[in-house]
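# Residue-level structural notes
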Amino acid sequence: MRMTLQDWALLLLLSVLWGGSFFFVAVAVEALPPLTVVALRTGIAALVLLVVLRLRKEAWPFAKGAVAAFFIMGLLNNLLPFSLLFWAQTMIPSGLASILNATTPLFSIVVAHFLLTDERMAPNKAIGILFGFLGVAILLGGEVLGGASIASLGMLACLGAALAYGFAGVFGRRFKAMDLTATQVAFGQLVATTIMMLPIISVVDRPWTLPPPGLPAIAAVLALAIVSTALAYVIFFRILASAGAVNVALVTLLVPVSAIVLGTLILGEELAARHYIGMGLISIGLLTIDGRIGERLSVKARIRRNRPCEPKP
């Protein structure tokens, strides 16, 4: 599908909203435990989407066959990756976390190749994965090989989150057969995640014993839930419907840009040169997987070959 100017504008807005989530998390985890931030994010976002469902007069999505799927999707798409990413951001800069999160499509392709019969790995995808994981190797540097450290554990947690998103992408395909709208699916998995998180934070964080957070942390949690989750879900599925899955996947390339800008300008974070080199290689890998640049080059090459030769004077 060809993207319209409105699609591009929404894609850029979505990248800012999701890039901003790394900034909001970095602020929130300064005052609140990561697991509590996860529960607040999913719980508040679920309430916002409940209002959206009512305004659109969409049905309650918890049919008999969908409940278990919502809980599994909530585990893979929210509970595990959010918990790992938020915990990681207590140890590494938000910009670096966003770069590592950009490896999600790489893991999605690998998972789909082994679990789905109709998603085999094409040559361009294999080459893209090689570039992507080379970028990951440069990002990790010698920290992992030199022994466990705070930073290396944080980076590995981000990669674990990306892997969870990869499994979520494969599992989420079953919702197409359930006759549910995108808003219903988003709402269902957020409710399921919140239900799973409540006993966890009750045992681990005991949030009622924590000192009340300051205004910056409260504002960050609200922005994370309302802007970077509920609103972002609505925009994501709007682009998905109008421009297709291939085009909306381009947001992966744009999210680290806004996350790095916000982290650098507002939080004063600094990334090393190898982090930018790693991001470049991951971006090359994602563009190779996307395939559109290669297709355009091959079309131009065919046009040149088929162009009639001009007679010599």
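Scoring rules and cut-offs
- Residues numbered from 1 in each chain as written.
- Predicted model: local features only at pLDDT ≥ 70, side-chain atom pairs only at ≥ 80, totals over all residues.
- Heavy atoms only, no water.
- Phe/Tyr/Trp six-rings, centres within 6.5 Å; stacked < 30°, edge-to-face > 60°.
- Helix = DSSP H or I, 4+ residues; strand = E, 2+ residues; numbered from the N terminus.
- Buried < 20%, exposed > 50% of the residue type's maximum accessible area, 1.4 Å probe, protein only.
- Lys NZ or Arg CZ within 6 Å of the ring centre and 35° of its normal.
- Patch = residues over 30% accessible without salt bridge, like charges linked within 9 Å, V, L, I, M, F, W, Y side chains within 5 Å.
- Areas by Shrake-Rupley, 256 points an atom, 1.4 Å probe, with all protein chains shown as cover.
- Salt bridge = Lys/Arg side-chain N within 4 Å of Asp/Glu carboxyl O.
- Core = buried A, V, L, I, M, F, W, Y, C linked by side-chain atoms within 4.5 Å.
- Contact = heavy atoms within 4.5 Å.
- Axes fitted to C-alpha atoms, helices over the stretch in contact; angles between N-to-C directions.
- Parallel < 35°, antiparallel > 145°, perpendicular 65-115°, else oblique.
- Left-handed = near helix turned anticlockwise from the far one by under 90°.

Let's shift gears to the packing of aromatic side chains. Going through the model one piece at a time under the given rule, you end up with 12 aromatic pairs. Measuring from ring centre to ring centre gives 5.4 Å for F107 and F133, while their planes differ by 80°; the resulting arrangement is edge-to-face. Remark: F133 occurs in helix α6 (residues 123-140) and F107 occurs in helix α5 (residues 104-115); sequence separation between them is 26 residues. What makes F107 buried here is its relative accessible area of 15%. Among the aromatic residues, those joined into a ring-pair cluster are W60, F62, F70, F171, F175 and F187. If you follow R41 out to its NZ or CZ, it ends over the ring of F82, 4.1 Å from the centre.

A cluster of nonpolar side chains, V257, V261, L265, I266 and L267, forms an exposed patch at the surface whose accessible area comes to about 460 Å². By relative accessible area, which is 46% here, V257 ends up partly exposed.

Judged by nonpolar contacts, the single largest core of 64 residues is most densely connected at F86, I92, L100 and I239. Not counting the four nearest positions on each side in its chain, I92 is found in contact with A97, L100, A151, G154, M155 and C158. Counting 12 residues, the second largest nonpolar core, distinct from the first, contains V52, A186, L190 and Y233.

A pair of packed helices is captured by two measures, namely the crossing angle of their axes and the spacing between those axes. The contact between helix α1 (residues 5-28) and helix α9 (residues 215-243) brings their axes to 8 Å, and the two run at 155°. In this view, α1 runs roughly antiparallel relative to α9, as classed from their interaxial angle. Handedness of the crossing formed by α1 with α9: left-handed.

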